[in-house]
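# Summary of structural features
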Amino acid sequence: GWSPTDAELEVLLAMPIYEAYSIRKEDDTEVVDLLEQRWIPPQGAARELMDNRCLQLVQAEDASLYKCMQISMASEPAFLSEFVFPLRLQELDESQQDSTIVGVLRSLPRLQQADPQFQATLSKVAFVSTASGVRRYPTEVYHPDLKEIVAELLGADEHLPTGPFAESDILDACGELG
């Protein structure tokens, strides 16, 4: 297959001809260059996680072109760890943040199998909603059954999970994180 020279690659990366997801309208695209880091989301990734840093594969040939430019489709754990958690999660509204993380927690065994470091990465994300509205790390929250003890020791509900994070299967998943 064809491989661009360094000079050709420089020109290709600078051309604003690549289709990316739009942050303005859900069903729209933007045209971007590749001078800053871009991701090709894994198949099945939720649309609300995308923005103009995510490239669209419009035609089958797009994947080949991106591969020549050393841009490949991200694995699901890499997309979450390198893009969603550090760059996109905080930009989502509260319910989208919750549904994204709940989906991740319910898929944790599969994601951990794909990337053994994924669980350690997720444990360093402040995602658990609390009554105070502050998002906490999973290591900073306590089981709701300990409400009286937590209130006595810490004097606040800000260390107790709320919403979907108080559901038993999600509590168990959070418990696995630390």
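Let me begin by describing the structure that accompanies this report.

## Some points on the pairing of strand S2 (residues 29–32)
Only one face of S2 is covered, namely the face carrying Glu30 and Val32; the face carrying Thr29 and Val31 is uncovered. Pairing geometry for strand S1 (residues 18–21) and S2, over four bridges, is antiparallel. Bridging from a neighbouring strand, tyrosine 18 pairs with valine 32 of S2.

## Quick notes on the layout of surface pockets
For the largest pocket, the calculated volume is near 230 Å³. What lines the largest pocket is a set of 15 residues, among which Ala45, Ala46, Leu49, Glu76 and Leu80 lie closest to the centre. Of all the secondary structure elements, the ones that give two or more residues to the lining of the largest pocket are helix H3 (76–88) and helix H4 (94–106). In terms of residue count, H4 provides more of the lining of the largest pocket than any other element does, four residues in total. Grouping the constituent residues of the lining of the largest pocket by class yields seven nonpolar, six polar and two charged.

## What to know about a nonpolar patch on the surface
On the surface, Tyr142, Leu146, Ile149, Leu153 and Leu154 cluster together into a nonpolar patch covering about 490 Å² of accessible area. Take leucine 154: it is sitting in helix H7 (residues 147–154). Under the relative-accessibility criterion, leucine 154 is labelled partly exposed at 42%.

## Remarks on the packing of H4 against helix H8 (residues 168–176)
Relative placement of two packed helices is described by the angle separating their axes and the distance separating the axes. In contact at an axis separation of 10 Å, H4 and H8 are set at 70° when each is read in the N-to-C sense. As the angle between them shows, H4 and H8 are arranged roughly perpendicular. Between H4 and H8, the residues in contact are Val102, Leu105 and Arg106 and Asp169, Ile170, Ala173 and Cys174, respectively. The class makeup of the residues in the contact of H4 with H8 is five nonpolar, no polar and two charged.

## Here we look at the nonpolar core
In this structure, Phe79, Phe85, Leu105, Phe118, Leu122, Phe127 and Phe165 are the most contacted members of the largest nonpolar core, which totals 30 residues. Of all elements in the fold, only H3, H4, helix H5 (108–114), helix H6 (118–122) and H8 reach the threshold of two or more residues within this core. Ranked by residues supplied to this core, first place goes to H3 with five residues. If sequence neighbours within four positions are ignored, leucine 105 has contacts with Leu122, Phe127, Phe165, Ile170, Ala173, Cys174 and Leu177. Of all hydrophobic cores here, the second largest spans eleven residues; its members include Ala20, Leu34, Tyr66 and Met69.

What counts and how
- Residues numbered from 1 in each chain as written.
- Predicted model: local features only at pLDDT ≥ 70, side-chain atom pairs only at ≥ 80, totals over all residues.
- Heavy atoms only, no water.
- Buried < 20%, exposed > 50% of the residue type's maximum accessible area, 1.4 Å probe, protein only.
- Helix = DSSP H or I, 4+ residues; strand = E, 2+ residues; numbered from the N terminus.
- Pairing = 2+ DSSP bridges.
- 1 Å grid on protein atoms, 1.4 Å probe; cavity = no way out; pocket = protein on both sides within 12 Å on 5 of 7 lines; lining within 4 Å.
- Points joined across faces, edges and corners; volume = space filled by probe spheres on them.
- Nonpolar A, V, L, I, M, F, W, Y, C, P; charged D, E, K, R; others polar.
- Patch = residues over 30% accessible without salt bridge, like charges linked within 9 Å, V, L, I, M, F, W, Y side chains within 5 Å.
- Areas by Shrake-Rupley, 256 points an atom, 1.4 Å probe, with all protein chains shown as cover.
- Salt bridge = Lys/Arg side-chain N within 4 Å of Asp/Glu carboxyl O.
- Axes fitted to C-alpha atoms, helices over the stretch in contact; angles between N-to-C directions.
- Parallel < 35°, antiparallel > 145°, perpendicular 65-115°, else oblique.
- Contact = heavy atoms within 4.5 Å.
- Core = buried A, V, L, I, M, F, W, Y, C linked by side-chain atoms within 4.5 Å.

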